[in-house]
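The chain contents come next:
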Amino acid sequence: MHNPTHHTTSNTPCFHCGLPIPQGISFSTIIDEKAQPMCCPGCKAVASAIVAAGLQGYYRHRTGNPDRVQEALPEFLQEITIYDNPEVQKQFVVHEGDVSEASLILENIVCAACVWLTEKHLQQLPGIISASVNYSTGRARVRWDKTKIKLSKIIEAVAAIGYRAHPYDPNRQQALFERERSRYLKRLAVAGALGMQVMILAVALYGGEWWTIETRFKHFFQWLSLGLTLPIITYAAQPFFISAWRDLMRAHAGMDVPVTLGISIAFIASTWAIFTGKGDVYFDSVAMFVFFLLSARFLELAARKKSSETMEALTRITPLMATRITETGEEVVPVNELVINDSVLVRAGETVPIDGKLVEGRSSLDESLVTGESMPVTKDIGDMVIGGTINRESPVTLQVIQIGQDTVLATMMRLLDRAQAEKPTIALLTDRIAGHFVTAILLLAVVVAGYWWSRGSDQWLAITIALLVVTCPCALSLATPSAMSVVTGRLSALGLLTVRGHALETLARCTHFVFDKTGTLTQGELKLLKVHPFGEYHADQCLRIAAILEWQSEHPIAQALRNATAAPVTSIAADVINTPGSGMCGRVDGKYYAIGTPAFVKGKTGAGFDSNSLTALQNQGHSVVVLASNNEALAAFVLGDVMRKHTATVIQQLKLAGISCSVLSGDQQAAVRNVANILGIDKPVWEATPEDKLKYVQRLQQDGATVAMIGDGINDAPVMGAAHLSVAMGSGTQLATATADMILLGQHLTPLLQGRGLAQKALGIIKQNIAWALLYNAIALPLAALGYIAPWMAALGMSASSLVVIGNALRLRSLKT
Amino acid sequence: MEVIYILIPIALLIAIGAIALFFWAIKSGQFDDLEGPAHRILMDEDGIKEEHESDQ
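Throughout this document, residue positions are counted from 1 along each chain, in the order its sequence is written. Here every chain gets a letter starting at A, and every ligand a number starting at 1, in the order they are written. Totals for whole chains, interfaces and linings use all residues, but because this is a predicted model, local features are given only for residues with pLDDT of at least 70 and pairs of side-chain atoms are given and counted only at 80 or more.

A word on the overall build of chain B. Working definition: helices are DSSP H or I runs of at least four residues, strands are E runs of at least two. Numbering for both runs from the N terminus. For chain B, the helix and strand inventory stands at 3 helices and 0 strands. Relative to its full complement of 56 residues, chain B shows a buried share of 0%. Each residue is classified by how many other C-beta atoms fall within 10 Å of its C-beta atom, where C-beta atoms are placed from the backbone; a count of 20 or more means buried, 12 or fewer means exposed, and values in between mean partly exposed.

In structure tokens:
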């Protein structure tokens, strides 16, 4: 088939998806009274659906292009009818009479216009009561009248405008997080609004100390303060009381024990003062203390929640439904109904639902989620296939070998749980010191009270209160969280999310950084590195032919070749035959070509290749595919995983700072060594299993190192749990983030370096703060014990010392990284 | 100074009102998505109306 017009082509891309339109194809849709070109029937169908709904505003507002639309397959439409089954709906639909409500995860949401488009489109469907899309989480909340519309029709409608919707079974943890978040918000509101009223009254009361105040007003203000503080104590401060109680039950003085004691003693002493008419009230201190502490906790929770959203990836990694092959044909069943020895069909692009043995077909599978292996692995009849891997090429039939808790994925989760239980206790040390401090103060207070009382002084209560207030560990308690919250905010802006409380401190102290390779030091995806032309064809020409041949393939190598072509691809290959795991052959512009492994290409075209030069290229851990026409070798393409930007600089800087760096990878020797050489990292470890990695890190820890593990992939999860600090690449496999202490959101590692600098400065400031708080106490405590400090002076001193601490922490906001 | 017995209860009512309003805002999901609304305001929906009108 010769195509004489392949040079004369319009350069207009598809109006819908923005990809080049292959020659000889003409689809168009009328948008805003103008015919716009479309690249495929899929895009045309979606664009028409958008226009028919009157939503063409989407094209004006969008800031990103959608993926090329894959036509809704008949199997997909048939499969989603299972969601109408009431048994299946039980998992994720809430019914209220005729009204049903469900959350749907939307795939392919790229910009705010997508949100608007799906929302409007859903709202226009008859039978939909309400539809709202959350931009932050990419989830749609839909309420519909089940007598008028079926759930499958709703999912179909979303598919019609080019998005995929999956019913979302909100995992319990996520729901808990959301409830906790709104509870914290309410508590903050109560503590803030009522606390300010208490402060206003406190100003009047403190003023009264100076300029005298009528007793009736004093009493009125005091009773009012008590009334206003009561909800703060009983409602807003509840989390502290509950957690302190839990700590006491387990007989260890946690962070919340001193906090709770501080709050209760100040409150009880103040209430006592009202009833006895002696002494002062400190309700303002109580209210503000609760408010500050709640804010710190809320900020920490918000950071944790952001990362928990990535936990959804965990539920999505294995599908809910599987296609079972029975004697009567195919049926779609929930995965938990599968039994051992069932036959399961996995189509191209689908995720394998269980562990099984391949019994029919041949394909390559992407195992990067489970094993960290960056290249897809070719699987033949008899090979084991792991649940959670993605079938890349052609449909295969599997015999179920392991289900439920026995699968590889479930085992990894258990490993991870165990590793998490073994978390180091560095963070608890500071708590324990604070706990001892408070215990000491309390004992001292008893001694002081007893001494003054035995001397018959009527000032004994005032002195004891002054002692308790002036030494209230406010400054000490604020010393750490205030600096932490400032730094956490700054790190988030840099793209380094702090998820666990101890992360900053540990980051500053780390002596050893362990990196995973794939997806951490490297980008984790194949890129075309080099083209070696052999014949008279120019490199660009070879690349163009390769891209045309591979146009239809979803294989990562094909994608890399396509992405590398600069010139628009204008022809379509004819007579294409895809041999999974080996290569493709077909006709481009009438001439026969083959691309793939050297052996495959030689077999198809008879062209020979210099095996020495090919081996040299492969030795660096790269993949090589070759292109040839009849008897003529044309080019070799070298593909590999590209290093992330600035990685070398980051490693160099870390080494300059006296930190040891290592690479720990499940990948093959050549690839790992190559990366380690470029970065100047000694002793890389390759082909490591999750257990190997865990042992490696534990050995480092036994030698006294504080280890930070930076990685992604579930295979990293156990080792990340064991490391002192775990940092996950947020852009990589999202699952690992579920267990990480910190999450790196951007595309390079530089924030890690900046974060380390900031964390160290923060640690310095925390030390200054603690030193200041201790110095203040060292001076104030004896003075108070000797009765030289009046309660109002104590309150003023306490507030001032807290302000100094907060002010010092705020310096972190303007410090350079 | 007796006016304080009226002014303070009023201040309290306002504070309680603010808390009630805030609780209502939390319950109605106004804090669930803090990013989306910032973009949503830029989507003019006049376009849809016009097009529907011109259809008729």
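Now that the structure has been shown, we can carry on.
The next subject is the overall build of chain A. Within chain A one finds 29 helices and 28 strands. For chain A, with 817 residues in total, the buried portion stands at 45%. Any pair of residues counts as being in contact when their C-beta atoms, constructed from backbone geometry, are within 7 Å of one another. Within chain A, residue pairs in contact and separated by at least 24 positions form 67% of the contacts whose partners lie at least 6 positions apart.

Below, the discussion takes up helix α28 (residues 750-785) of chain A. A turn of α-helix holds 3.6 residues, and therefore any two residues three or four places apart point the same way. Multiplying 1.5 Å by the helix residue count minus one yields the expected span of that helix. For α28(A), which comprises 36 residues, the first-to-last C-alpha distance of 52 Å matches the rise-based estimate of 52 Å (1.5 Å per residue) to within 8%. Taken from the residues just after α28(A), A:Gly787 is the one with a positive phi, measuring 85°.

Next up on the list: the interface of chain B and chain A. Contacts between chain B and chain A engage 23 residues on the former and 19 residues on the latter. Broken down by secondary-structure element, the contributors of at least two residues to the side of chain B that touches chain A are α1 (4-27), α2 (36-40) and α3 (46-55) of chain B. Residue contributions to the side of chain B that touches chain A peak at 9 residues, all from α1(B). Gly counts as polar in this scheme, as do all residues outside two lists: the nonpolar Ala, Val, Leu, Ile, Met, Phe, Trp, Tyr, Cys and Pro, and the charged Asp, Glu, Lys and Arg. Broken down by class, the residue content of the side of chain B that touches chain A amounts to 14 nonpolar, 4 polar and 5 charged.

Residue and element names in this part refer to chain A. Within the sequence span of helix α22 (residues 598-605), burial applies to Pro598, Val601, Lys604 and Thr605. An end-on view of α22 places all buried positions within 135° of arc, on one side of the element. Gly606, located one to two residues past α22, shows a positive phi value of around 80°. Throughout, the arc means that of the directions going from the helix axis to the C-beta atoms.

Once that is clear, we can look at the confidence of the model for chain A. Residue and element names in this part refer to chain A. pLDDT is a residue-level measure of predictor confidence that goes from 0 to 100. Looking at chain A as a whole, its pLDDT mean stands at 76, while 78% of the residues score no less than 70. Within chain A, the element-level pLDDT minimum falls on helix α12 (residues 312-317), averaging 48, and the maximum on helix α8 (residues 215-236), averaging 91. Segment residues 1-9 is flagged for pLDDT under 50; beyond a separation of four residues in sequence, or across chains, it makes 14 contacts in the model.

Here the focus is the pairing of strand β11 (residues 355-360) of chain A. Side-chain positions along a regular strand alternate between the two faces of the sheet. All names here are of chain A. Note on pairing: two strands pair once DSSP finds at least 2 bridges between them. Pairing analysis gives 5 bridges linking β11 to strand β16 (residues 396-402), with the strands arranged antiparallel. What sits directly across from Leu358, in β16, is Leu398. In this sheet, strand β14 (residues 384-385) lies alongside β11 in antiparallel orientation, the contact comprising 2 bridges. Note that in β14 the partner of Gly356 across the bridge is Val385.

Attention now goes to the packing of helix α24 (residues 647-656) of chain A against α28(A). Residues and elements named next belong to chain A. Helix axes are fitted only over the stretch in contact, all axes being lines through C-alpha atoms; the angle between N-to-C directions runs from 0 to 180 degrees. For the pair α24 and α28, interaxial distance at closest approach is 8 Å and the crossing angle is 30°. As judged from the angle between their axes, α24 and α28 are roughly parallel. Listed contacts from α28 to Val650, Gln653 and Leu654 of α24 are Thr750, Leu752 and Leu753. Looking at the contact of α24 with α28 residue by residue, the classes come out as 4 nonpolar, 2 polar and no charged. When describing relative orientation, an angle under 35 degrees is termed roughly parallel and one over 145 degrees roughly antiparallel, while 65 to 115 degrees is termed roughly perpendicular and anything else oblique.

Residue and element names in this part refer to chain A. If you walk across this open sheet you meet the 6 strands as β19-β24-β23-β22-β21-β20, and the pairing is antiparallel. Two strands bound the open sheet, and with one partner strand each, they are β19 (522-533) and β20 (574-579). Geometrically, the sheet is characterised by an average inter-axis angle of 15° between neighbouring strands, direction not taken into account. Running over the sheet, helix α21 (residues 556-564) touches β19, β23 (623-629) and β24 (632-643) and is turned about 65° from β19. Contacting β20, β21 (583-588), β22 (591-596) and β23, α22 crosses the sheet at an angle of about 160° to β22.

Residue and element names in this part refer to chain A. Note: strand β8 (residues 321-326) against strand β9 (residues 329-334), 6 bridges, orientation antiparallel. Each bridged residue has a counterpart across the sheet, and for Thr323 the counterpart in β9 is Val332. The antiparallel hairpin formed by β8 and β9 contains 2 residues in its connecting segment.

With that settled, the discussion passes to the sheet that holds β9(A). Spatial ordering of the open sheet is given by β9-β8-β10-β16-β11-β14 (chain A), a layout of 6 strands whose pairing is antiparallel. Either end of the sheet is taken by a strand with one partner, and the two such strands are β9 and β14 of chain A.

Segments scoring low in pLDDT should not have their predicted coordinates read at a detailed level. Residue and element names in this part refer to chain B. Taken as a whole, chain B shows an average pLDDT of 76; of its residues, 73% reach a score of 70 or greater. α1 holds the highest mean pLDDT among the elements of chain B, 91, whereas α3 holds the lowest, 44. For the stretch residues 47-56, pLDDT sits under 50, and the model shows 6 contacts to residues farther than four places along the chain or on other chains. As scored by the predictor, the complex reaches a pTM of 0.51 and an ipTM of 0.76.

Glancing now at unusual backbone geometry. All names here are of chain A. For Asn341, which is not glycine, the phi dihedral falls at a positive 80°. Mapping Asn341 onto the fold places it in the loop between β9 and β10 (343-346). A tally of 10 C-beta atoms within 10 Å means that Asn341 is categorised as exposed. Phi is positive for Glu687, which is not a glycine, with a value near 50°. Relative to the elements of secondary structure, Glu687 occurs in the loop between α25 (669-679) and α26 (690-702). Residue Glu687 is classed as exposed on the basis of its C-beta count, with 12 C-beta atoms lying within 10 Å.

Now for the nonpolar core. All names here are of chain A. What makes a nonpolar core is a set of buried Ala, Val, Leu, Ile, Met, Phe, Trp, Tyr and Cys residues, with links drawn between C-beta atoms within 7 Å. One finds Val487, Ala708, Ala723 and Ala762 to be the most contacted residues of the largest nonpolar core, which totals 70 residues. Per element, the largest residue contribution to this core is 12 residues, and it comes from α28. Beyond its immediate stretch of four places on either side in the chain, Ala723 contacts Val514, Val697, Val707, Ala708 and Met709. Counting residues in each nonpolar core, the second largest holds 42 residues, with Cys40, Val46, Leu104 and Val115 among its members.

Residues and elements named next belong to chain A. Between helix α20 (residues 539-549) and α21, whose axes approach to 9 Å, the crossing angle comes to 130°. By the angle class used here, α20 and α21 are oblique. Pair α20 / α21 crosses with left-handed handedness. Seen from α20, the contacting residues are Leu543, Ala546 and Ala547; seen from α21, they are Leu561, Arg562 and Ala564. A crossing counts as left-handed when the near helix is turned anticlockwise from the far one by less than a right angle, and as right-handed when that turn is clockwise.

Right, let's get into the environment of A:Gly382. All names here are of chain A. Here Gly382 lies in the loop between β13 (377-379) and β14. A sequence separation of 24 residues divides Gly382 from Leu358, and the C-alpha atoms of the two residues are 5.3 Å apart. The residues touching Gly382, leaving out its near neighbours within four places in the chain, are Lys357 and Leu358.

The subject of this paragraph is the environment of A:Val663. All names here are of chain A. Of note, Val663 is situated in strand β25 (residues 660-663). Accessibility expressed as a C-beta count within 10 Å gives 24 for Val663, which makes it buried. Expressed as a C-alpha distance, the spacing of Val663 and Val675, which sit 12 residues apart in the sequence, is 8.8 Å.

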